[in-house]
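Each chain, written out:
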Amino acid sequence: MIDIGTVVRLDYGTEGLSLNTCGLNATVLRPRYLPGLPDEHAAFTQAVRQPYGTQSLASLLKPGETVAIVIPDITRALPGERLLPWLLKEIAHLPPNNITLIVGTGTHRGNTPEELARMVGAEVAGRFRIVNHDARDPNGLLPAGRSPFGYNVHYNAHYVRADRRILVGFIEPHFMAGFSGGYKAVFPGIANLDAILHYHGFANIAHPLSTWGILDGNPTQAHVQAAGKLLPVDFLINVTLNTKRDITGYFCGDVMAAHAAGCVFSKEVAMAGVPEEFPIVVTTNSGYPLDLNLYQSVKGMAAAHAITSPGGLIITASRCNDGFPEHGKFKDQLLRWPSPEAAWTSICDGASREVDLWQTQKLIQIVRECRVQLQSELNPELIRRAHLTPIRNVRQAIDTELAQLRDPHAKVAILPEGPLTIPYIRTSQVPQPAT
């Protein structure tokens, strides 16, 4: 939906930023707002008892069976503190000792006890076993099989050993895999590092169909599904959310059927067509917890990049109070090369298979084609070394660019919720998700 106003609230951390658009030729792009479901708990109960393509959740799980429930980590906005108590109540015929919650960290850091309590609720955190996945710990992994793409896949040992497996997550457009949700909970969420590196290979990430809103023909999504199917998954619980983290829909049951339905719903709500590119695009990374670090903030930049003119300016407001972050290789990679061209030359040779290089590749691709400015809590000198330009105020940055363009009426696009809205040029063909 396109909306024009005077003061726009940009999602930034927990407090947000106010952007005065007075005098600007501004187009504000937001997701089509849907109110939350009037009774989230009742709708959840109905969704898991009348699921897509399978029998009810409770009837699938027999007394005495062990269950692995995979959930996203703190960098995802899933309202787990509401969902998990409802889920666990639905399968209360199983003793708590038979249930393990596995946090799908991928290559991210493990979550702290305080974060886990916020993610699942204090009562759940106190009653059930919660395990942070570690992709680098061979003692915590077991083989799941070989991907048809030619590499071995290991998953978290608790997941492999479980009698039953449940995946929990939410669906939104994803800048590599087309959409989040579905099998992405396990691959790369709880996979081994070597398999994750294969999945994030240069050719996959560089492929033009590895982008927002596309499932069919997307090689990144193909790797996700192929690896995810190596072990049977008994039940998917995916939700869609509005900007207030209210649940707008449930897509539960068979993984492929429920996920496909959720992707169609998400695309209708979250993707916005525009007639042409913009010389200036303002974006965010959807605020807390999605803008904790620069690594995640690439998603907001990628959303803006889709409608930014070649050589145009992307202005990003992302708090990044957790740094680049300090763990992983992302920071080291960005600071390693003196220029985007030097970085691209090195990445393109495909010889390196470092963790996080996929995110570096995406960012370098963007800054080679557009200029990117960043308002954040990062050290300005480090921002420059990361091939971005630090700014202190979004409106001042817009005015400076308009003056340099010598066109006070140049068009400005604003994505206040960042990648919660995925814009695209209407003349571009955006294939429908597979159904």
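Everything that follows concerns the structure shown earlier in this document.
Attention here is on the structure that accompanies the text. In this text the structure is predicted, and so the values were computed from the model without any measurement.

What follows covers the overall build of the chain. If you tally the helices and strands in the chain, you get 16 helices and 21 strands. In terms of overall size, the chain behaves like a compact globule, its C-alpha atoms giving a radius of gyration of 21 Å where 435 residues would be expected to give roughly 22 Å. For the chain, the spread of C-alpha atoms along the principal axes amounts to about 70 × 50 × 40 Å. Residues counted as buried form 59% of the 435 residues belonging to the chain.

A cis amide bond links Tyr-288 to the next residue, Pro-289, at an omega of 0°. Note that the residue after Phe-324, namely Pro-325, is joined by a cis bond; omega there is 20°. Positive phi values are uncommon outside glycine, yet His-387 reaches one of about 75°. Along the chain, the position of His-387 falls in the loop between helix H15 (380-385) and strand E19 (389-390). On the accessibility criterion, His-387 (13% relative accessible area) is buried. Despite not being glycine, Arg-406 shows a phi value in the positive range, around 55°.

Right, let's get into the pattern of salt bridges. Counting across every chain of the model gives 18 salt bridges. The closest approach of N and O atoms between Glu-417 and Arg-30, which form a salt bridge, is 3.0 Å. One end of the pair, Glu-417, is in the loop between strand E20 (411-415) and strand E21 (422-425); the other, Arg-30, is in the loop between strand E4 (25-29) and helix H1 (40-49), and 387 residues separate them in sequence. Classification of Arg-30 by relative accessible area gives partly exposed; the value is 21%. Across the pair Glu-40 and Arg-82 runs a salt bridge, and its minimum N-O distance is 2.8 Å. Note that Glu-40 is positioned in helix H1 and Arg-82 in helix H3 (residues 80-90), a separation of 42 residues in sequence.

On to the pairing of strand E9 (residues 152-156). Sheet topology note: the strand E8 (residues 141-146)/E9 ladder contains five bridges and is antiparallel. Within the sheet, the bridge partner assigned to Leu-142 lies in E9 and is Tyr-155. Linking E8 back to E9 in an antiparallel pair, the connection comprises five residues, with Gly-150 at a positive phi of about 100°.

Tyr-155, Tyr-159, Leu-167, Val-186, Phe-187, Leu-294 and Leu-388 are the most contacted members of the largest nonpolar core, which totals 76 residues. In terms of residues, this core owes the most to one element, helix H11 (residues 294-305), which gives seven residues. Look past the residues within four positions of Tyr-159 in its chain and what remains in contact with it is Ala-68, Val-70, Ile-102, Arg-165, Leu-167, Val-186, Ile-190, Leu-231 and Val-233. Residues Val-48, Ile-166, Phe-170 and Ile-237 belong to the second largest nonpolar core, which totals 35 residues.

Let us now look at the packing of aromatic side chains. The description of an aromatic ring pair rests on the distance of the ring centres and on the angle between the ring planes. Considering all chains together, one arrives at 10 aromatic pairs under this definition. Plain terms: the ring middles of Tyr-155 and Tyr-159 are 5.6 Å apart, the flat faces sit at 80° to each other, and that makes the pair edge-to-face. In this pair, the class of Tyr-155 matches that of Tyr-159, namely buried. Between Phe-175 and Trp-212, the aromatic rings sit 5.8 Å apart at their centres with planes inclined by 40°, giving tilted as the arrangement. You can see Phe-175 sitting in the loop between strand E11 (173-174) and strand E12 (178-179) and its partner Trp-212 sitting in the loop between helix H8 (202-206) and helix H9 (219-228), a full 37 residues away along the chain. Comparing Phe-175 with Trp-212 shows no difference in burial state: the two are buried. A network of ring pairs unites the aromatic residues Phe-44, Trp-86 and Tyr-250 as a single cluster. Sitting above the plane of the Tyr-159 ring, Arg-165 keeps its charged end 5.2 Å from the centroid.

The rules behind each value
- Residues numbered from 1 in each chain as written.
- Predicted model: local features only at pLDDT ≥ 70, side-chain atom pairs only at ≥ 80, totals over all residues.
- Heavy atoms only, no water.
- Helix = DSSP H or I, 4+ residues; strand = E, 2+ residues; numbered from the N terminus.
- Rg over C-alpha atoms; globule rule 2.2 N^0.38 Å.
- Buried < 20%, exposed > 50% of the residue type's maximum accessible area, 1.4 Å probe, protein only.
- Salt bridge = Lys/Arg side-chain N within 4 Å of Asp/Glu carboxyl O.
- Pairing = 2+ DSSP bridges.
- Core = buried A, V, L, I, M, F, W, Y, C linked by side-chain atoms within 4.5 Å.
- Contact = heavy atoms within 4.5 Å.
- Phe/Tyr/Trp six-rings, centres within 6.5 Å; stacked < 30°, edge-to-face > 60°.
- Lys NZ or Arg CZ within 6 Å of the ring centre and 35° of its normal.

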